[in-house]
Amino acid sequence: LKKCNILFCIFLLSACSAKYHAAEDGPSGYRDAQVSNDVYYVEYTESASTDWKTIHRFALKRCVELAKNRGYQIFDVLSKDEKKVYLESAVDQIIVANMGNLASDPPTATVYSTAGKRVEGRRVTYQIKLLNE
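Conventions and cut-offs
- Residues numbered from 1 in each chain as written.
- Predicted model: local features only at pLDDT ≥ 70, side-chain atom pairs only at ≥ 80, totals over all residues.
- Heavy atoms only, no water.
- Pairing = 2+ DSSP bridges.
- Helix = DSSP H or I, 4+ residues; strand = E, 2+ residues; numbered from the N terminus.
- Salt bridge = Lys/Arg side-chain N within 4 Å of Asp/Glu carboxyl O.
- Buried < 20%, exposed > 50% of the residue type's maximum accessible area, 1.4 Å probe, protein only.
- Expected span 1.5 Å × (residues − 1).
- Polar contact = N/O pair within 3.5 Å; in protein donor to acceptor, adjacent residues only side chain to side chain.
- Core = buried A, V, L, I, M, F, W, Y, C linked by side-chain atoms within 4.5 Å.
- Contact = heavy atoms within 4.5 Å.
- pLDDT = per-residue confidence, 0-100.
- Phe/Tyr/Trp six-rings, centres within 6.5 Å; stacked < 30°, edge-to-face > 60°.
- Lys NZ or Arg CZ within 6 Å of the ring centre and 35° of its normal.

Here 6 bridges tie strand E1 (residues 29-34) to strand E2 (residues 39-47), and the two strands are oriented antiparallel to one another. From the neighbouring strand, Arg-31 faces E2, where its bridge partner is Glu-43. Linking two consecutive strands that pair antiparallel, namely E1 and E2, is a turn of 4 residues.

This is how it looks when you write it as structure tokens:
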């Protein structure tokens, strides 16, 4: 039961965090790398609770930004890959508070350790070529 509660809490917390962002200090978000003069890899990673469609949309949004920021009008998708990945959790513990069922019941809090737990995620990678056509 405790394990189910932990997984449920992680699911709830990760479901709220599906926002477009760069992967600066954490595992989720976008990353890109230049392969050659006009070819790039763009990758977007999110939790498994985020649907594939949203992750693809975020990755393609980054492709558009990359093309625009480098002065290109369009891009061509050379390849696309999607896969499940396992992410290390940055959360050491989750505290679940309960106000009690009756007015006479005191509030309680249960602490669940999540240190070292791996969280399933999803990653989409596009290889794109920037074009001015």
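Here the narrative resumes.
Note on pairing: side chains with opposite charge can pair once their charged atoms come close. Scanning the entire structure with this criterion turns up 6 salt bridges. Linking Lys-129 and Asp-38 is a salt bridge whose minimum nitrogen-to-oxygen distance equals 3.2 Å. Of the two residues, Lys-129 sits in strand E6 (residues 118-131) while Asp-38 sits in the loop between E1 and E2, which places them 91 residues apart along the sequence. Residue Asp-38 is classed as buried on the basis of its relative accessible area, which comes to 18%.

Bringing helix H2 (residues 52-69) into the picture now. The end-to-end C-alpha distance of H2 is 26 Å, a good match for the 26 Å that 18 residues give at a rise of 1.5 Å each. Of all the positions in H2, only Thr-54, Ile-55, His-56, Phe-58, Ala-59, Arg-62, Cys-63, Leu-66 and Ala-67 are classed as buried. N-capping of H2 is provided by Asp-51, with a side-chain oxygen placed 3.2 Å from the backbone N of Lys-53. Gly-71 sits one or two positions beyond H2 and adopts a positive phi of about 85°.

Below, the discussion takes up the nonpolar core. Counting residues in hydrophobic clusters, the biggest one holds 14 residues, and the most contacted among them are Tyr-44, Tyr-126 and Ile-128. For this core, the secondary structure elements donating two or more residues are E2, H2 and E6. In terms of residues, this core owes the most to one element, H2, which gives 6 residues. In contact with Tyr-126, other than residues within four places in its own chain, are Tyr-40, Tyr-41, Val-42, His-56, Ala-59, Leu-60, Cys-63, Val-77, Ser-79 and Lys-80.

Our focus in this paragraph is the confidence of the model for the chain. A low pLDDT score tells you not to read the predicted coordinates there in detail. Counting all residues, the mean pLDDT for the chain is 81, and 71% of those residues have values of 70 or more. Mean pLDDT across the elements of the chain bottoms out in helix H1 (residues 2-15) (47) and peaks in H2 (97). Residue range residues 1-9 is modelled with pLDDT below 50. Its contacts to residues more than four positions away, or to other chains, number 8 contacts. Within the model, pLDDT remains below 50 along residues 11-16, and this stretch shows 5 contacts once partners closer than five positions in the same chain are excluded.

Moving on: the packing of aromatic side chains. A complete count under the given rule lists 4 aromatic pairs for this structure. With 5.1 Å between their ring centres and 50° between their planes, Tyr-44 and Phe-58 make a pair best called tilted. Pair noted here: Tyr-44 is in strand E2 and Phe-58 is in helix H2, with a separation of 14 residues, a long-range link. We note that Tyr-44, like Phe-58, is buried. By way of ring pairs, the aromatic residues Tyr-20, Tyr-30, Tyr-44 and Phe-58 are connected into one cluster. The residue whose ring lies beneath Lys-61 is Tyr-20, and the NZ or CZ to ring-centre distance is 4.4 Å.

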